[in-house]
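# Architecture and fold: a report
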Amino acid sequence: METKVEIAILIPCYNEAISIGSVVTAFGKELPEAKIYVYDNNSRDDTASQALAAGAIVRTEKMQGKGNVVCRMFADIEADIYILVDGDGTYDASQARQMVNTMLSGPYDMINGKRVETGAENYRAGHRLGNAVLTGMVRHIFSRGFTDMLSGYKVFSRRYVKSFPALSSGFEIETQLTVHALDMKMAVAEIDTAYGSRPIGSTSKLNTWRDGMRILITILRLMKNERPFEFFCVIGVVLGLIAAVMFWPIFVAYTQTGLVLRVPTLIVITGMASCAVLSVFSGIILDAVTLAKHEKRRLHYLSIPALQTCSGDSLMH
């Protein structure tokens, strides 16, 4: 008996009246069997009415920020496969079915849509540099990852969505979405997706410096929480090196004169060295705690049924 796969298309929106109607129409044409949900995040224009007119299921999230909207969507909506896409009209709906088929072929828990610009530069140089730096940092921390972590076009399994911890409120949600998949050692894949320009009159809500700093802080916080041994050891090593550099002149002076000439500096050095040792031991202790937490989270993840596929399940049309 052929298994029916339920698909939900999730579109978080804030002031996207210019583009949301065409986005809903395009995805509805490509995946007519899917339910399309638009969550309006306190828009000041007629985003909600445009989405409703195009055939979407429209709901409202009052807590401002994309992260809050995504977490609400994940909590409310039941499906087997979830497609998360921005409502700004920059992502290609025609590739949605390919992403779903890729998800089923694994089966995978997450498919990331790597943005490939279709013409002139479609996003600012600052955004491109920030994406490259932040993506590289996550790949370094977790020893694997994606090449376009901040893409707003992703596909998830039910097992992913229902095990996702809601911590982010804004654009840093993209970072957490990636880290959750890597941390749980999920099966993931990345495919190229066309990335176009925003419609005339539509403006990006992303601020390069403000949101870039928030994403960087999120990465550091996640590293502290998920890799505490490495995080605190780095702090300990840095403090130890500074203490050693400061101590060297005092040691040289002592060998020459037999006197400690900078007692206050020596007290500071002693404090820094003590903090370095404490930092390393804190990392060791927290690493054991984190391991237990990871085991509990993975058991919860594994308790959710995996996406079931068979030869008749392909959605290729």
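Residues numbered from 1 in each chain as written. Predicted model: local features only at pLDDT ≥ 70, side-chain atom pairs only at ≥ 80, totals over all residues. Heavy atoms only, no water.

## Considering the overall build of the protein chain
- The number of helices and strands found in the protein chain is ten helices and seven strands.
- Per-residue burial for the protein chain yields a buried fraction of 45% across its 317 residues.
- Of the accessible surface of the protein chain, which amounts to about 15,900 Å², a share of 62% is contributed by carbon and sulfur atoms. (Helix = DSSP H or I, 4+ residues; strand = E, 2+ residues; numbered from the N terminus. Buried < 20%, exposed > 50% of the residue type's maximum accessible area, 1.4 Å probe, protein only. Areas by Shrake-Rupley, 256 points an atom, 1.4 Å probe, with all protein chains shown as cover.)

## Concerning the packing of helix α3 (residues 66-76) against helix α7 (residues 173-183)
- Axis separation between α3 and α7 bottoms out at 9 Å; the angle between their running directions is 45 degrees. Taken together, α3 and α7 sit at an angle that is classed as oblique. Contacts between α3 and α7 pair Lys66, Gly67, Val70, Cys71 and Phe74 from the former with Ile173, Glu174 and Leu177 from the latter.
- For the contact of α3 with α7, the residue count by class is five nonpolar, one polar and two charged. (Axes fitted to C-alpha atoms, helices over the stretch in contact; angles between N-to-C directions. Parallel < 35°, antiparallel > 145°, perpendicular 65-115°, else oblique. Contact = heavy atoms within 4.5 Å. Nonpolar A, V, L, I, M, F, W, Y, C, P; charged D, E, K, R; others polar.)

## A look at the pairing of strand β2 (residues 35-40)
- In terms of burial, β2 is a largely internal element, five of the six residues being buried.
- One ladder, built from six bridges, connects strand β1 (residues 7-13) with β2; its direction is parallel. Its bridge partner lying in β2, Ile11 is registered against Val38.
- Where the polypeptide runs from β1 across helix α1 (residues 17-30) and back to β2, its parallel neighbour, the crossover connection is right-handed.
- As paired strands, β2 and strand β3 (residues 57-60) are joined by four bridges and run parallel to one another. Within β3, the position partnered with Tyr37 by the bridge is Ile57.
- The handedness of the β2 to β3 crossover, carried by helix α2 (residues 47-53), is right-handed. (Pairing = 2+ DSSP bridges. Right-handed = clockwise from strand over helix to strand, strands pointing away.)

## Let's talk about the layout of surface pockets
- One number sums up the size of the second largest pocket: a volume of about 150 Å³.
- What lines the second largest pocket is a set of eleven residues, among which Asp80, Pro305, Ala306, Leu307 and Gln308 lie closest to the centre.
- Here the lining of the second largest pocket is composed, by residue class, of four nonpolar, three polar and four charged. (1 Å grid on protein atoms, 1.4 Å probe; cavity = no way out; pocket = protein on both sides within 12 Å on 5 of 7 lines; lining within 4 Å. Points joined across faces, edges and corners; volume = space filled by probe spheres on them.)

## Description of the pattern of salt bridges
- Under the definition given, this model contains twelve salt bridges.
- Asp86 is the partner of Lys66 in a salt bridge, and the nearest nitrogen-oxygen pair spans 2.7 Å. With Lys66 in helix α3 and Asp86 in the loop between β4 (81-84) and α4 (96-105), the pair connects residues that are 20 residues apart, well separated along the chain. The same class applies to Lys66 and to Asp86, which are both buried.
- A single salt-bridge network, built from bridges that share partners, covers Lys66, Asp86, Lys154 and Glu174. (Salt bridge = Lys/Arg side-chain N within 4 Å of Asp/Glu carboxyl O.)

## Section: the environment of Phe142
- Looking at the secondary structure, you find Phe142 in helix α5 (residues 125-142).
- Residues Phe142 and Asp183 lie 41 residues apart in sequence; the distance between their C-alpha atoms is 7.5 Å.
- With near-sequence residues (within four places) excluded, Phe142 lies in contact with Val179, Leu182, Asp183 and Arg227.

## Side note on a nonpolar patch on the surface
- A contiguous nonpolar patch, built from Phe229, Val277, Phe281 and Ile284 and spanning about 370 Å² of accessible area, is present on the exposed surface.
- Assignment of secondary structure puts Ile284 in helix α10 (residues 263-303).
- Taking the relative accessible area as the measure of exposure, Ile284 reaches 43% and is therefore partly exposed. (Patch = residues over 30% accessible without salt bridge, like charges linked within 9 Å, V, L, I, M, F, W, Y side chains within 5 Å.)

## Here's the deal with the sheet that holds strand β7 (residues 188-195)
- Pairing is mixed across the open sheet formed by seven strands, whose spatial order is β3-β2-β1-β4-β6-β5-β7. Only two strands of the sheet have a single neighbouring strand rather than two, namely β3 and β7. Across the sheet, the axes of successive neighbouring strands diverge by a mean angle of 20 degrees, strand direction being ignored.
- Where strand β5 (residues 110-117) and β7 come together, eight bridges link them in parallel fashion.

## Overview of the confidence of the model for the protein chain
- Summing up the model confidence of the protein chain, the mean pLDDT is 85 and the portion of residues at 70 or higher is 86%.
- When mean pLDDT is compared element by element in the protein chain, β4 scores highest at 97, while α5 scores lowest at 71. (pLDDT = per-residue confidence, 0-100.)

## Describing the packing of aromatic side chains
- Under the definition given, this model contains eleven aromatic pairs.
- Ring geometry for Phe74 versus Phe164: centroids 5.6 Å apart, planes at 85 degrees, classification edge-to-face. Linking Phe74 in helix α3 with Phe164 in the loop between α6 (158-161) and α7, this pair joins segments that are 90 residues apart in sequence.
- Given the relative accessible area of 4%, Phe74 is considered buried.
- Phe164 sits in the buried class, given a relative accessible area of 11%. (Phe/Tyr/Trp six-rings, centres within 6.5 Å; stacked < 30°, edge-to-face > 60°.)

## Observations concerning α10
- Given a rise of 1.5 Å per residue, 41 residues ought to cover 60 Å, and the 60 Å separating the end C-alpha atoms of α10 matches this to within 8%.
- What α10 keeps buried is the set Ile269, Met272, Ala276, Ser279, Gly283, Thr290, His294 and Tyr301. (Expected span 1.5 Å × (residues − 1).)

## Some details on unusual backbone geometry
- A cis amide bond links Gly106 with the next residue in sequence, Pro107, at an omega value of -5 degrees.
- Relative to the helices and strands, Pro107 resides in the loop between α4 and β5.
- One non-glycine residue, Asn15, lies in the positive phi region at around 55 degrees.
- Relative to the assigned elements, Asn15 resides in the loop between β1 and α1.
- Located in the positive-phi region is Lys185, a residue other than glycine, with phi close to 55 degrees.
- As for its position among the elements, Lys185 is in the loop between α7 and β7.

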